[in-house]
Amino acid sequence: MEPRAARGELPACACCGEPAVVYQPVTRRYLCGTHLVRDVEERVRATIQETGQISPGDRIAVGLSGGKDSTALLVLLSRLLPAWPGASLVAVTVDEGIAGYRADTMRAAESLTERFGVEHHIVSFRELIGDDLDTLLTGRETQACTICGILRKKALADAARTAGATVIATGHNLNDEAQSVLMNAFRGDLPRLVRNTGRERSAAFLPRIKPLMAIPEKEIAAYLFIQGHFSVLPECPYTKYALRAEVRTLLSDYEFRHPGTMQHLIESKKMIERYCAGTPVMEPLHRCRECGDPCSGELCQVCRLRHSLGK
Ligand code: SF4
Ligand code: ZN
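Residues numbered from 1 in each chain as written. Chains lettered and ligands numbered in written order. Predicted model: local features only at pLDDT ≥ 70, side-chain atom pairs only at ≥ 80, totals over all residues. Heavy atoms only, no water.

Asker: Go over the coordination of the zinc ion (ligand 2), please, and point to the residues and values.
Answerer: Only C288 (SG), C291 (SG), C300 (SG) and C303 (SG) from the protein reach the zinc ion (ligand 2) as donors, at distances of 2.2 to 2.4 Å. Around the zinc ion (ligand 2), the four donor atoms sit at angles spanning 105 to 116 degrees, and that spread fits a shape best called tetrahedral. We note that the donor set of the zinc ion (ligand 2) lies within a single chain, spaced as C-x2-C-x8-C-x2-C. Separated by 15 residues along the polypeptide, C288 in the loop between β8 (286-287) and β9 (294-295) and C303 in helix α12 (residues 301-309) bring together distant segments of the chain. Of the two residues, C288 and C303, neither departs from the other in class, the shared state being buried. (Donors = N, O, S within 2.8 Å, 3.2 Å for Na, K, Ca; no water. Tetrahedral: all angles 85-135°; square planar, octahedral: opposite > 155°, others 65-115°. Helix = DSSP H or I, 4+ residues; strand = E, 2+ residues; numbered from the N terminus. Buried < 20%, exposed > 50% of the residue type's maximum accessible area, 1.4 Å probe, protein only.)

Next up, the structure:
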């Protein structure tokens, strides 16, 4: 039978001629649902292998907010993990304490881990620092994402260690990574720019990996939709204060007009990383003099934050 796409209703998949659901501007290919799923899974598997992100026997703590990127990460790792003998998953959700937002995403995270039979740990800012984010931010709303990011990283690392994890996986996608490169370049923050995006091998850290770092946000959403895991969830009320909001708009506009820009930014970052290897730009690690966590100065970001919040 003649494929529907050939009758001009929809563009045809470059692999099979069936109706396409997505266009990849960089490769200039239209793909149907089946081939998009295969393509995404293959690129994630290749990223993990090329950057040595997972080893056999790893216990991987997935940072699961319940949003689309972390949901896709859990779904993808569940499917790909049999390639690494003895590797297993555990999910960690951080409850920052954000009214009108967190409850729905927590429910989504719980139901996903139940469906996939993945052990699920929940940790909260209240346990970590004694207050919800909403309370901590009174009068400091514009610093929401900075404060939230520092505490979330710490809560996730502590919970992952408690759960016996050997590595932490986060759902950062290509858009997130490219935005970070641009933000660090705009700030002139070279040490942060060259921080490795692969598996950090320092003994001081639980390694952090980003298996989705080659996949554009739009393809992650399409992957979830096709797999039946897409749901519309509320947006964090502090998003409007996020520093990256402006960079996101700027970059997505530029990527639309010049496909491949995000990928080029990541490649530039990798090149700079190689040039900086072994130079003073790669900051040496110290131990925080108050809590002993690894950091680049005398005090880690969490301890500095505790002081400024009077905690
Ligand atoms: Fe935290 Fe900002 Fe993300 Fe909200 S938008 S969850 S405050 S980082
Ligand atoms: Zn500290």
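Asker: An account of the environment of T239 is needed here, citing residue identities and associated values.
Answerer: Here T239 lies in the loop between α9 (217-227) and α10 (244-257). Between the C-alpha atoms of T239 and A144, which are 95 residues apart in sequence, the distance is 8.6 Å. Of note is the side chain of T239, whose polar atom sits 2.6 Å from the backbone oxygen of C236. (Polar contact = N/O pair within 3.5 Å; in protein donor to acceptor, adjacent residues only side chain to side chain.)

Asker: Describe the pairing of strand β4 (residues 88-95), with residues and values.
Answerer: β4 sits mainly inside the fold: six of its eight residues count as buried. As paired elements, strand β3 (residues 59-63) and β4 share five bridges and run parallel to each other. When the sheet's bridge partners are listed, I60 is paired in β4 with L89. At this point the chain moves from β3, through helix α2 (residues 68-80), to the parallel β4, and the crossover so formed is right-handed. With six bridges connecting them, β4 and strand β5 (residues 119-124) associate as parallel partners. When the bridges of β5 are listed, V94 appears paired with V123. In this region the chain leaves β4, passes through helix α3 (residues 102-116) and returns to the parallel neighbour β5; the handedness of that crossover is right-handed. (Pairing = 2+ DSSP bridges. Right-handed = clockwise from strand over helix to strand, strands pointing away.)

Fair warning: the whole summary comes from geometry, so function is off the table for now.
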